[in-house]
Amino acid sequence: MNSAQIEIQLIASLVAVACAIPGTFLVLRKMAMISDAISHSILPGIVIGFFITQDLNSPLLILLAAITGIITVVLVEHIQKTGLVKEDTAIGLVFPALFSIGVIMIAKNANDVHLDVDAVLLGELAFAPFDRLFIAGTDVGPKSLWIIGAILLITLGLLFAFFKELKISTFDAGLAASLGFSPALIHYGLMTVSSVTTVGAFDAVGAILVVALMIAPAAAAYLITTDLKKMLLLAIIFGVFSAISGYWFAHWLDASIAGSITTMLGLLFLIVYLFAPSKGLIAVMYREKQQRIEVSLLTFLLHLKNHDDIEERHVNHLNEHINWQKVRSKTVLDLAQKNNMIEIDNKIVSLTEKGDEFTSKAIDYIITNEDAQIEDMKDDFFLFRG
Amino acid sequence: MLGSFAVLRKQSLLGDAISHAALPGIAIAFLITGAKDSNTLLLGALVSGLLGTFWIRGIITKTHLKSDTALGLILSLFFGFGMLLLTFIQKQPNANQAGLDKYLFGQAATLVESDVWLMAIVTGLCLLVLFLFWKEFKILLFDKDYAKTLGFNTKTIDILITSFIVLAIVLGLQTVGVVLMSAMLLAPAAAARQWTNSLSKMVLLAAIFGAFSGVFGTAISASQNNLSTGPVIVIVASVFVVVSFIFSPSRGLLFRQIRFIANRRDLEQQKTLAFMYHIAETHEDISHPHTIKILNNFQGFTRKTLQKLVDKDYVTIDGTMWSLTQKGFEKAANLYNQQHKTDE
């Protein structure tokens, strides 16, 4: 590993951390698509900045781009406020228009300079170490490292300073307003941070990767935990992990670093999506199946309680009467037996004392419309879940 | 046209997501076939676009992540993966790869006759399906539960609409490119929505708006050099949207503002009249003159409202004094009653 490689990984990790923090809040505030909009619509800001300064590396560019980002947010909100279209439509209308303006400005005026759409959208991390910052003639490291480092420091500072306010206004905007925090101020603050992060990160990693780095780690973390602090931490870990593993993946494939970091993020999210405890796809499907069987069990027990005659309680009768398939009735019967709810005597099913008690309570809850209570009751009665 | 459905179904950003999600499909199709035949590439785009759509749907229904997160996630992840594949392809010893990135930003000029025919056929197909399933689409759109109770297979119809949206997007990619596709889908529909409340009219209008922005955009971009077609089309479409927002007769901002001002004037006039009535009530003679000075802004008094009241013959003015006429008194009394009635 040479120093350029270390620097690339360092930049990628810093970008990942810087993106994960505002990204978490964007995901929680249901504004994830805003980051996509910002990342596209900063283009005209950059182009205008370039016309003014004629220098791709001037800080004015970042400032102007951030302003364009905020203009996007404001425009989206104003269009939405008129009530003519919904929020997502407003986003979808604003950013392509701004992006088009940017593209046209480039095409008309800046055709011969190093500023093309691909560079803006895709970025190239591999060249980042070659663009170095010199202070008083000494080489202090790649420029984008400093830019993103500064942005990260500011973001972290703001996060620690306003963590409580952000937390409250994210989860309960009404409470935050009544406590005297200005929701608008926090909203625009967050938007500004997002814009600045997007801008600072994009020339290193490209607009699309910024969006991926903002949303994917936060979304994956959200599937695992509901605690805000843990979520932030997890998002950061996910981001850094995919940044570094993505770099080596790209190294091995000899392909775009940004693309492979995104791919790693995608894989990471896919794994979390499938296997996350309690929120993942498999867990959800397992729970749904369990619920189905337990509902069947309840139906079955109620049936038993209502019918005393022997032929109604015959094992074979289940198949025809409650319209279950054989496998299903077997599962339900087994579960009921395991939980000591029923006895099977000579193929005649009857409720045990415990089964009877359970069923009566369940009926009570159903009659009084408190079906939710049945869930708690299951914990008391069941030895085995479905 | 299909955009109308997307807008009404609150899936506006789906277009954006799908157009990005189509990229890996194009790249994979190229990797497999090694040729740049536009049909196979489109097929790949279609498959990966559909895959993206259904994954988005899966995320929304199976987890507690919201739709915006799911969209942004799929969009960026698929696109990033596509970029990885594209850069990977570029390193391959195959000279054929140039031009794949045309799909990114679109180039209407590169279209050849067969592409146009393909588009025409697909458009015709869309129209046909739209006509055949018009009723089903409409019900599903506005009242999903009702459609279910009527026995329609909502899932199939849903998949049908989504597939057609994806198809339309994938086709459009060649013309305007990934980034601007969502605007092509949305802008005409959003503009059309402002002019009508009827679905059929809206779809028709959206088609017209879309066609117009296409034609105008191409014309403008052809008239000047160095202007790419896609962005110009999008800007023209955006202009349509802005104009619709402002000037649409029933929903537009301009007319709403005018109505708002008119309402406020009416209200102020009524307030002045009511105030006069309360003063006149305390006098034996309802037409007893009072000075204008006692009317103030709090009662909604302006010189204009007073003049209007005079024009309506409710009030007479004599120098700096005003007095209610009989007609004005009755009107004010009734006004009060009516307000009470509506209050109750």
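From a predicted model like this one, the values you see are computed outputs, not experimental measurements.

Asker: For this particular structure, what's the right way to read the overall build of chain A?
Answerer: Along its length, chain A carries 16 helices and four strands. For chain A, buried positions account for 53% of its 386 residues.

Asker: Help me understand the overall build of chain B in this model?
Answerer: Secondary structure summary: chain B contains 15 helices and three strands in total. Classification of the 344 residues of chain B by burial places 49% in the buried group. Taking all contacts inside chain B whose residues are at least 6 apart in sequence as the whole, residues at least 24 apart take part in 66%. Summed over all atoms, the accessible surface of chain B reaches about 16,900 Å², with 63% contributed by carbon and sulfur.

Asker: Explanation requested: the interface of chain A and chain B in the structure shown.
Answerer: Reports of interface size often rely on the accessible area that becomes lost once the parts have come together. Contacts between chain A and chain B engage 59 residues on the former and 56 residues on the latter. When chain A packs against chain B, close to 4,900 Å² is buried across both sides, 74% of that on carbon and sulfur atoms. Inspection of the region where chain A meets chain B yields zero residue pairs in polar contact (both at pLDDT 80 or more). Contributions of two or more residues to the side of chain A that touches chain B are made by α2 (32-53), α4 (87-109), α5 (117-122), α9 (207-224), α10 (228-253), α11 (257-275) and α12 (281-306) of chain A. At 15 residues, α4(A) tops the list of elements feeding residues into the side of chain A that touches chain B. Partitioning the side of chain A that touches chain B into residue classes produces 37 nonpolar, 13 polar and nine charged.

Asker: What is the right way to read the nonpolar core from this model?
Answerer: As a rule of thumb, soluble globular proteins bury nonpolar side chains together. Counting 147 residues, the largest nonpolar core has A:Val15, A:Phe269, B:Ile59 and B:Leu73 as the members making the most contacts within it. Leaving out residues up to four positions away in the same chain, A:Val15 has contacts with A:Ile148, A:Ala201, A:Val205 and A:Leu213. By size, the runner-up hydrophobic cluster in this structure holds 18 residues, among which are A:Phe300, A:Leu304, A:Leu335 and A:Ile374.

Asker: Just checking my understanding: could you explain the packing of aromatic side chains for this structure?
Answerer: Any aromatic ring pair is given by two values, namely how distant the centres are and how the planes are angled relative to each other. Evaluation of the coordinates by the stated rule reveals seven aromatic pairs over all chains. One aromatic cluster is present, formed by A:Phe269, A:Tyr273, B:Trp55 and B:Phe78 through successive ring pairs.

Asker: What is the right way to look at the pairing of strand β3 (residues 342-345) of chain A in this model?
Answerer: The side chains of a regular strand alternate between the sheet's two faces. Residues and elements named next belong to chain A. Pairing analysis gives four bridges linking β3 to strand β4 (residues 348-351), with the strands arranged antiparallel. Across the sheet, the residue bridging to Ile-342 is Leu-351, located in β4. The turn linking β3 back onto β4 is made up of two residues, and Asn-346 within it adopts a positive phi angle of 55°.

Asker: Would you explain the confidence of the model for chain B in this entry?
Answerer: Detailed reading of the predicted model is not advised wherever pLDDT is low. Overall, the prediction assigns chain B a mean pLDDT of 72, with 74% of residues at 70 or greater. When pLDDT is averaged over each element of chain B, helix α3 (residues 38-62) of chain B comes out on top at 81 and helix α1 (residues 2-8) of chain B at the bottom at 52.

Asker: Please explain a nonpolar patch on the surface as it appears in this structure.
Answerer: Residues and elements named next belong to chain A. On the surface, Ile-48, Ile-52, Leu-60, Leu-63, Ile-67, Ile-71 and Leu-75 cluster together into a nonpolar patch covering about 580 Å² of accessible area. Elements represented by at least two residues in the nonpolar patch include exactly α2 and α3 (59-81). Element by element, the count of residues in the nonpolar patch is highest for α3, at five residues. For Ile-48, a relative accessible area of 39% puts it in the partly exposed group.

Asker: When you look at a positive patch on the surface in this model, what are you seeing that I'm missing?
Answerer: A contiguous patch of positive charge, built from B:Arg264, B:Arg265, B:Lys308, B:Lys312 and B:Lys331, is present on the exposed surface. Locating B:Arg264 in the fold gives a position in helix α13 (residues 253-281).

Asker: What's the story with the packing of α11(A) against helix α4 (residues 67-91) of chain B in this structure? I'm lost.
Answerer: In helix packing, the relevant descriptors are the interaxial angle and the interaxial distance, both defined with respect to the helix axes. Here α11(A) crosses α4(B) at 135°, and the two axes come no closer than 7 Å. One way to sum up the angle between α11(A) and α4(B) is to call them oblique. Handedness of the α11(A)/α4(B) crossing: left-handed. Facing A:Gly259, A:Ser260, A:Thr262, A:Thr263, A:Leu265, A:Gly266 and A:Phe269 of α11(A), the residues of α4(B) in contact are B:Leu73, B:Ser76, B:Leu77, B:Gly80, B:Phe81, B:Met83 and B:Leu84. For the contact of α11(A) with α4(B), the class distribution of residues is seven nonpolar, seven polar and no charged.

Asker: It is not clear to me how α2(A) should be interpreted in this structure. Could you clarify?
Answerer: The α-helix winds at 3.6 residues per turn, so residues separated by three or four positions along the chain end up facing the same way. Residues and elements named next belong to chain A. Helix length check: α2 (22 residues) gives 32 Å between terminal C-alpha atoms against 32 Å at 1.5 Å per residue, within 8%. The principal kink in α2, of about 30°, is found at Leu-43, preceding the proline Pro-44 by one to four residues. Most of α2 is tucked away: 18 of the 22 residues are buried.

Asker: Quick question: what am I supposed to make of helix α11 (residues 199-223) of chain B here?
Answerer: Helix length check: α11(B) (25 residues) gives 36 Å between terminal C-alpha atoms against 36 Å at 1.5 Å per residue, within 8%. Inspection of α11(B) places B:Leu199, B:Met202, B:Val203, B:Ala206, B:Phe209, B:Gly210, B:Ser213, B:Gly214, B:Gly217 and B:Ser221 among the buried residues, and these make up the whole buried set.

Asker: In this structure, what is going on with the packing of α11(B) against helix α12 (residues 229-247) of chain B? I would like to understand it.
Answerer: Residues and elements named next belong to chain B. Interaxial distance between α11 and α12 falls to 8 Å at its minimum, and their mutual angle equals 130°. One element, α11, and the other, α12, form an angle in the oblique class. Pair α11 / α12 crosses with right-handed handedness. Of α12, the residues touching α11 (which contributes Phe-209, Phe-212, Ser-213, Gly-214, Phe-216, Gly-217, Thr-218, Ile-220 and Ser-221) are Thr-229, Val-232, Ile-233, Val-236, Ala-237, Phe-240 and Ser-244. A class-by-class count of the residues in the contact of α11 with α12 yields nine nonpolar, seven polar and no charged.

Asker: Is there a simple way to think about the environment of B:Ser200 in this case?
Answerer: Counting through the fold element by element, B:Ser200 comes out in helix α11. For the pair B:Ser200 and B:Trp134, spaced 66 residues apart in sequence, the C-alpha separation works out to 9.1 Å.

Asker: Would you mind going over the environment of B:Val315 with me for this structure?
Answerer: All names here are of chain B. Within the secondary structure layout, Val-315 lies in strand β2 (residues 315-318). It is 8.8 Å that separates the C-alpha atoms of Val-315 and Leu-273, two residues lying 42 residues apart in sequence. Discounting residues that sit within four places of it in the chain, Val-315 has contacts with Met-276, Leu-309, Val-310, Trp-322, Ser-323, Leu-324 and Thr-325.

Asker: Looking at this structure, I do not really get the side chain of B:Thr53. What am I missing?
Answerer: Looking at where B:Thr53 falls in the secondary structure, it is placed in helix α3. In contact with B:Thr53, other than residues within four places in its own chain, are B:Leu14, B:Ile18, B:Thr162 and B:Val166.

Asker: Explain the environment of A:Ala16 here, please?
Answerer: Residues and elements named next belong to chain A. Looking at the secondary structure, you find Ala-16 in helix α1 (residues 3-28). Given the relative accessible area of 0%, Ala-16 is considered buried. Remark: the alpha-carbon pair of Ala-16 and Val-240, spanning 224 residues in sequence, is separated by 5.7 Å. Excluding residues within four positions of it along the chain, Ala-16 makes contact with Leu-213, Gly-239, Val-240 and Ala-243.

Asker: Any chance you could explain the side chain of A:Thr263 here in plain terms?
Answerer: Its place among the elements puts A:Thr263 in helix α11. Taking the relative accessible area as the measure of exposure, A:Thr263 reaches 9% and is therefore buried. Looking at A:Thr263, its side chain comes within polar contact range of the main-chain oxygen of A:Gly259, at 2.7 Å. Among residues more than four places away in sequence, those in contact with A:Thr263 are B:Gly80, B:Phe81 and B:Leu84.

About the cut-offs
- Residues numbered from 1 in each chain as written.
- Chains lettered and ligands numbered in written order.
- Predicted model: local features only at pLDDT ≥ 70, side-chain atom pairs only at ≥ 80, totals over all residues.
- Heavy atoms only, no water.
- Helix = DSSP H or I, 4+ residues; strand = E, 2+ residues; numbered from the N terminus.
- Buried < 20%, exposed > 50% of the residue type's maximum accessible area, 1.4 Å probe, protein only.
- Contact = heavy atoms within 4.5 Å.
- Areas by Shrake-Rupley, 256 points an atom, 1.4 Å probe, with all protein chains shown as cover.
- Buried area = accessible area lost by both parts, 1.4 Å probe.
- Polar contact = N/O pair within 3.5 Å; in protein donor to acceptor, adjacent residues only side chain to side chain.
- Nonpolar A, V, L, I, M, F, W, Y, C, P; charged D, E, K, R; others polar.
- Core = buried A, V, L, I, M, F, W, Y, C linked by side-chain atoms within 4.5 Å.
- Phe/Tyr/Trp six-rings, centres within 6.5 Å; stacked < 30°, edge-to-face > 60°.
- Pairing = 2+ DSSP bridges.
- pLDDT = per-residue confidence, 0-100.
- Patch = residues over 30% accessible without salt bridge, like charges linked within 9 Å, V, L, I, M, F, W, Y side chains within 5 Å.
- Salt bridge = Lys/Arg side-chain N within 4 Å of Asp/Glu carboxyl O.
- Lys, Arg positive; Asp, Glu negative; His and termini not counted.
- Charge placed at Lys NZ, Arg CZ, Asp CG, Glu CD.
- Axes fitted to C-alpha atoms, helices over the stretch in contact; angles between N-to-C directions.
- Parallel < 35°, antiparallel > 145°, perpendicular 65-115°, else oblique.
- Left-handed = near helix turned anticlockwise from the far one by under 90°.
- Expected span 1.5 Å × (residues − 1).
- Bend = angle between axes of the 7 residues up to and from the residue.

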